[in-house]
Amino acid sequence: MQYELAPSILSADFSILGQQVNFLEEQGVKWLHIDVMDGNFVPNISLGLPVIASIRKVSGMFFDVHLMIDDPIRYIGDFAKSGADLITFHVEAASDPAAVIRAIRASGKKVGISIKPKTPVSAIEPYLADVDMVLVMTVEPGFGGQSYMIECEKKVTELRQILTERDLPADIEVDGGIAADTIERSIASGANIFVAGSATFKGDIGANVRMFYDAFEKFGK
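Residues numbered from 1 in each chain as written. Predicted model: local features only at pLDDT ≥ 70, side-chain atom pairs only at ≥ 80, totals over all residues. Heavy atoms only, no water.

Structural notes on the pairing of strand 2 (residues 31–37)
In regular strands, side chains alternate between the two faces of the sheet. Judged by how many residues are buried, strand 2 sits mostly within the fold: seven of seven residues are covered. Of the two faces of strand 2, the one carrying Trp31, His33, Asp35 and Met37 and the one carrying Leu32, Ile34 and Val36 are both buried. As paired strands, strand 2 and strand 3 (residues 62–68) are joined by seven bridges and run parallel to one another. Residue pairing in the sheet places Asp35 in a bridge with His66 of strand 3. A crossover links strand 2 with its parallel partner strand 3, the connecting element being helix 2 (residues 49–56), and its sense is right-handed. (Buried < 20%, exposed > 50% of the residue type's maximum accessible area, 1.4 Å probe, protein only. Helix = DSSP H or I, 4+ residues; strand = E, 2+ residues; numbered from the N terminus. Pairing = 2+ DSSP bridges. Right-handed = clockwise from strand over helix to strand, strands pointing away.)

So, the sheet that holds strand 6 (residues 133–137)
Hydrogen bonding along the main chain pairs the strands of a sheet, whether they run parallel or antiparallel. Pairing is parallel in the open sheet, where eight strands are placed in the order 1-8-7-6-5-4-3-2. Both edges of this open sheet fall to strand 1 (4–7) and strand 2, since each of them pairs with a single strand only. On average, each strand axis in the sheet is inclined to that of its neighbour by 25°, with strand direction left out of account. By the bridge criterion, three bridges tie strand 7 (residues 171–175) to strand 8 (residues 193–196) in an arrangement that is parallel. Within the sheet, the bridge partner assigned to Asp175 lies in strand 8 and is Val195. (Axes fitted to C-alpha atoms, helices over the stretch in contact; angles between N-to-C directions.)

Considering the nonpolar core
Of all hydrophobic cores here, the largest spans 64 residues; its most connected members are Ile9, Val65, Val136, Phe194 and Phe216. Leaving out residues up to four positions away in the same chain, Val65 has contacts with Ile34, Val36, Ile52, Phe79, Ala84, Leu86, Ile87 and Thr88. Formed by seven residues, the second largest nonpolar core is a distinct cluster that contains Ala6, Leu86, Met133 and Val195. (Core = buried A, V, L, I, M, F, W, Y, C linked by side-chain atoms within 4.5 Å. Contact = heavy atoms within 4.5 Å.)

Focus on the pattern of salt bridges
Within the structure shown, the criterion is met by six salt bridges. For Arg166, the salt bridge identified is with Glu125, shortest N-O distance 2.4 Å. Taken together, the positions of Arg166 in the loop between helix 5 (153–165) and strand 7 and Glu125 in the loop between strand 5 (110–115) and strand 6 put the pair 41 residues apart, joining distant regions of the chain. Look at Arg166 and you get partly exposed, because its relative accessible area is 42%. Among the residues examined, Glu125 registers a relative accessible area of 26% and is labelled partly exposed. (Salt bridge = Lys/Arg side-chain N within 4 Å of Asp/Glu carboxyl O.)

Interpretation in functional terms is not warranted from these geometric data alone.
Printed below as a string of structure tokens:
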């Protein structure tokens, strides 16, 4: 299984964002996680289209754009044009998830679907054959720096079992509280894409990245 670290720029230093993104790329990090919050679906407001377009100019990384917004289908075209490579939406925020999936596909981008900690796997099971990635939130979405919710591992394991049984290629991403003390257990639960904000950007970024890649090597990259 291929593991990837997806640093969340929500925890980056925005005064030197371009430099930090380039440094991550130099360390061999291939994915960049970009959280978009609207203040309605989640109680916070974060990055928008101009930020994505700006860093797209200086980075060749895979942009993993996580939409935490109501009625996401309205903005799929805009985020595709801004430089997203994969667009993830929340099943809880979409009245017609299948339509959102079709819109993302039509934009030429990869598709991700996400669930909050209290949402069961059954809510997204009908769409698993149509997406490239499933994002399981391991904290309540909206703010960085929260503690990892161990109970969410059951959903990751359930998803991995379903994907394996149906021979479906979708990745499983986890987001929230992923750090030195949780990375190995989150790998063991069945995830293979790991969003890390504070655990990447706080302190020595290079050492932090190496810690994650050491964990990946332990489980076999």
